[in-house]
Amino acid sequence: MSSIVQTLADGTKRLVNPGRVCATTGLSVCSTAQRFIKLNAVAAVVFLLVGGVAALLLALTRWQTVHLLNAEWFYRIVTLHGLNMLIFWILFMEVAILYFTCTTPLNSKLFSKGVAWTSFGMMLTGAVMVDVVIFKGQGDVMMTSYLPLLAHPAFYFGIILVAVGTLIGVFNFFATLYIARRDKTYEGSMPLVTFGALAAAIIAVVTLLHGAIVMIPTFSYSMGWTPQPDPMWYRLIWWGLGHQSQQVNVCAMVACWYFLASVTTGARPLNEAVCRTAFVLYVLFINLASAHHLLVDPGIGATWKIWNTSYAMYLAVLASMIHGFTVPASVEVAMREKGYVRGLFGWLTSAPWGNPGFSGFFLSLVIFGFGGGITGVTLGTQQINIIAHNTLRIPGHFHVTVVGGTTLAFMALAYYVIPLIFEKDFIGRKFARVQPYLFGGGITMLAIGMSFAGSMGVPRRSWDIDIAGVYGPAAHLMLGLVGIGGIIAFTGLLIFVLLCVGTLLFGASTEGRAMTDWGVAKSVTGAPTAQLGEHDHSATKGTFVLTLIFLTCFAVYYFANWKALADVWPVR
Amino acid sequence: MSSLLVPARGWFRAPSGHERTWIGLALCWCLVLTLMMPFWHFRGKQNSRGEAYLVTPAGFQARVDKFIAATKVGEQNGIPVVSPAPGGDAYVLARMWSWSPILKLRQGETYRVHLSSLDLQHGFSLQPLNMNFQVMPGYDHVLTLTPTSKGTFTIVCNEFCGIGHSTMIGKIIVE
């Protein structure tokens, strides 16, 4: 094992494991980890493109004026879109993030190449299998595949392969944490980004176990070996997979926020204990939220519904609200230290908005918080769910969490992953600078259209709403917004994929030199050099005002929904 | 780069300043969110208690047939129209791709509406009110419902149930 000694900026030396030292950051990069980060990221982007094309077709079908696909292909493409976007794109990307966060920040090598190959091979085989079954028309069961709907056995087997493959990748992450600690590649506590990834990994294990518990009997039933599992039992356990997997995304996304805030503005976490406690709250309470999908189901009592949907006491929501403060606050402090001290928001207006790493991350934060967070808590309120369940309000909510939030954060991350890990400088940099705005703006418009159409009762996953004869021009206008927002977001997605692929093929190599800077916040000449403390009230006043505005919006939306509920027929 | 680096020793400390104020505010808001649901459960008029009984599809079909025979007052497009007794039981049966029978209810009266499916899962979505409940095969889902407005209301299926899903339309009439 050839090791090199690396000297850090502050003069301390540390041992570097086989690999290279990054010329931009001075951190070590393990060559095995680098290879698998590349493989998983490339697979992720391929599935993103498949899911993206599907998204465009769906948006153009729900837009009643265009109504592109026929019913058969509409439902087929909904299934394809859900699985490729929510499962494959996200999981491959998360495995890449896990491999990065357990090696470079800890100065460690990846535990095992063989395990990484096994994981990647199983995930890829499973994902391709599922897509083939869907295209052959043998899996028109939606992503949720609710029993007694039944798909070809290869559909379930493919999902099991993806789930187990991901679990094996997660094992590689844990094993790497262990050997890093054993070999003392770092001293003290692990860095915050790794800690966030660890929280995501723990939730992923619980999530994927639910997947195994529900998918194995369903696969066995589809083979004719065992009787049909109870459909209510299926819903209960499936959402342990379906909802929790989205919380893995939340954790991974928040870890990306901290990472991107650091590299684009030099932000440092204000209080590590607060940030880490918030991650622990996710691990402890987020699994209860699977109940969000069962709030108007038969056979489950009000006590169970209320307790679980409230995450014990909204403690996982508290965690998100904490991150929603600490991330922008760390940016504010960093910017003020650089001399951008004018007014409440001078730090924000002077931020590097032309850097897609920054704009993507900050838009992700805003869209996730104001859009996804507020709607999620409201729709997940036990009684309010009566006026929301299975309407377009639900996809309206999760398109601003998992797309405007997670996917946009992962895209922003890619603007650093490709130069730093693939060692290629981006081509088409002007396009890259507008891409986050296009994608974030499009998806926000789409989600607004969905939410309002859903408020008017338009169902999700429905090919045609005119047969019912109850939806007026306003609902059709909102579906038009879905169509146009979908086109804009798809354009943003396509630019992203083309830039990534183009850069891998034609980008200038960054080997042995620093990546070309996207534009980070520079210190104003004559700025005071002293570090601002968290005790300094002027240091975070802008963020504090922003969070108060957020809380006001939250309260208005939440109570407006109680009012809307009070207007419908009494029911118990 | 600091979130990628090992934190300096002594990082575990209590929050202070705006951060502490915000955590306090957020925690209070979480308490409000938590208390609203039990409050509405006891004081509010719209709740989903999930009252349900196990039933076989054939058993539910038999009860629906009996119910239709006893309360039938007419027919619309081949679907029976029934007028259940106020305060009594009413049945709506979901199957690919229809809702049956058509209920004729009286404004201000309370009914125990039984929902179940003969085949797949379906979604009972009452429009334009936008009230939504899950319909499961094997479960007799009972809604104790009080129509407070007059008119013809449409039941839309909002749980995917195959190629004819969007054509699965039913009706409730309130007089």
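Residues numbered from 1 in each chain as written. Chains lettered and ligands numbered in written order. Predicted model: local features only at pLDDT ≥ 70, side-chain atom pairs only at ≥ 80, totals over all residues. Heavy atoms only, no water.

On to the overall build of chain B, then. Looking only at helices and strands, chain B features 2 helices and 12 strands. When its helices and strands are written in sequence order, chain B yields α-β-α-β-β-β-β-β-β-β-β-β-β-β. Here the C-alpha radius of gyration of chain B, 24 Å, is well above what a compact globule of 175 residues would show, namely 16 Å. The C-alpha extent of chain B, read off along each of the three principal axes, is 80 × 35 × 30 Å. (Helix = DSSP H or I, 4+ residues; strand = E, 2+ residues; numbered from the N terminus. Rg over C-alpha atoms; globule rule 2.2 N^0.38 Å.)

With that settled, consider the interface of chain B and chain A. Taken together, the contact between chain B and chain A spans 78 residues of the former and 106 residues of the latter. Summed over both partners, the interface of chain B with chain A comes to about 8,300 Å²; 67% of that surface belongs to carbon and sulfur atoms. Remark: the boundary between chain B and chain A carries 2 salt bridges. For the pair chain B and chain A, the number of links is 38 residue pairs in polar contact (both at pLDDT 80 or more). At the level of elements, helix 1 (17–43), strand 8 (122–127), strand 9 (131–135), strand 10 (139–145), strand 11 (151–157) and strand 12 (169–174) of chain B are the ones that each hand at least two residues to the side of chain B that touches chain A. With 20 residues, the top contributor of residues to the side of chain B that touches chain A is helix 1 of chain B. Residue composition of the side of chain B that touches chain A, grouped by class: 43 nonpolar, 28 polar and 7 charged. (Contact = heavy atoms within 4.5 Å. Buried area = accessible area lost by both parts, 1.4 Å probe. Salt bridge = Lys/Arg side-chain N within 4 Å of Asp/Glu carboxyl O. Polar contact = N/O pair within 3.5 Å; in protein donor to acceptor, adjacent residues only side chain to side chain. Nonpolar A, V, L, I, M, F, W, Y, C, P; charged D, E, K, R; others polar.)

Attention shifts here to the pattern of salt bridges. Taken as a whole and judged by the stated rule, the model has 18 salt bridges over all chains. The closest approach of N and O atoms between Asp183(A) and Arg182(A), which form a salt bridge, is 3.0 Å. Judged by relative accessible area, Asp183(A) falls into the partly exposed class, the value being 43%. Where Arg112(B) meets Glu51(B), a salt bridge forms, and the shortest distance between an N and an O atom there is 2.9 Å. Here Arg112(B) is found in strand 7 (residues 111–117), whereas its partner Glu51(B) is found in the loop between helix 1 and strand 1 (52–54), with 61 residues between them in sequence. One network of salt bridges, with partners in common, ties together Arg235(A), Asp297(A), Arg461(A) and Glu159(B). (Buried < 20%, exposed > 50% of the residue type's maximum accessible area, 1.4 Å probe, protein only.)

Looking at helix 8 (residues 302–309) of chain A, one finds that the buried residues are Ala302(A), Lys305(A), Ile306(A), Asn308(A) and Thr309(A). Buried residues in helix 8 of chain A make contact with helix 9 (311–337) of chain A together with helix 1 of chain B.

Moving on: the sheet that holds strand 9 of chain B. All names here are of chain B. Across the sheet, 7 strands lie side by side as 2-3-6-12-11-8-9; this open sheet has mixed pairing. If you trace the sheet from one side to the other, it starts and ends with strand 2 (72–76) and strand 9, each paired once. The mean angle between the axes of side-by-side strands here comes to 25°, regardless of whether they run parallel or antiparallel. Examined bridge by bridge, strand 11 and strand 12 share 6 bridges and lie antiparallel to one another. Its bridge partner lying in strand 12, Thr 152 is registered against Ile 173. (Pairing = 2+ DSSP bridges. Axes fitted to C-alpha atoms, helices over the stretch in contact; angles between N-to-C directions.)

Glancing now at a nonpolar patch on the surface. Residue and element names in this part refer to chain A. Together, Leu 49, Val 53, Leu 494 and Leu 498 give the surface a local cluster of nonpolar side chains, amounting to about 310 Å² of exposed area. Contributing elements (two or more residues each) for the nonpolar patch: helix 1 (31–62) and helix 14 (473–506). Residue placement: Leu 494 occurs in helix 14. (Patch = residues over 30% accessible without salt bridge, like charges linked within 9 Å, V, L, I, M, F, W, Y side chains within 5 Å. Areas by Shrake-Rupley, 256 points an atom, 1.4 Å probe, with all protein chains shown as cover.)

This next bit is on the environment of Val205(A). All names here are of chain A. Along the polypeptide, Val 205 turns up in helix 5 (residues 192–222). Distance from Val 205 to Gln 435, taken between C-alpha atoms, is 33 Å for residues 230 residues apart in sequence. Once residues lying within four places of it in the same chain are set aside, the contact partners of Val 205 are Leu 167, Val 170 and Phe 174.

The geometry of two aromatic rings is summed up by the distance between their centres and the angle between their planes. All names here are of chain A. Considering all chains together, one arrives at 42 aromatic pairs over all chains under this definition. With 5.4 Å between their ring centres and 35° between their planes, Phe 157 and Phe 219 make a pair best called tilted. Placement of Phe 157 in helix 4 (residues 153–182) and of Phe 219 in helix 5 is noted, with a sequence separation of 62 residues between them. The exposure class of Phe 157 is partly exposed, given its relative accessible area of 34%. (Phe/Tyr/Trp six-rings, centres within 6.5 Å; stacked < 30°, edge-to-face > 60°.)

Here we take up the side chain of Gln46(B). With respect to the helices and strands, Gln46(B) occurs in the loop between helix 1 and strand 1. From its side chain, Gln46(B) meets the backbone oxygen of Ala566(A) in a polar contact 3.4 Å long. Setting aside anything within four residues of it in sequence, one finds Gln46(B) in contact with Gln383(A), Ile386(A), Leu565(A), Ala566(A), Val568(A), Trp569(A), Pro570(A), Val571(A) and Trp40(B).

What follows concerns the environment of Phe133(B). Summarising the element assignment, Phe133(B) is placed in strand 9. When the C-alpha positions of Phe133(B) and His122(B) are compared, they lie 9.0 Å apart, and in sequence the two are 11 residues distant. Every residue in contact with Phe133(B), bar those within four places of it in the chain, is listed here: Val296(A), Ile386(A), Val571(A), Ser48(B), Leu115(B), His122(B), Gly123(B), Phe124(B), His141(B) and Leu143(B).

Residue and element names in this part refer to chain B. As summarised here, the arrangement of the 5 strands in space is 1-10-7-4-5, forming an open sheet in which the pairing is mixed. Of all strands in the sheet, those with a lone pairing partner are strand 1 and strand 5 (98–100), marking the two edges. Shown here is a sheet whose adjacent strand axes are inclined to one another by a mean of 20°, direction ignored. Note: strand 7 against strand 10, 5 bridges, orientation antiparallel. Note that in strand 10 the partner of His 114 across the bridge is Val 142. Here helix 2 (residues 57–71) sits on the sheet in contact with strand 4 (89–95), strand 5, strand 7 and strand 10, set at roughly 130° to strand 4.

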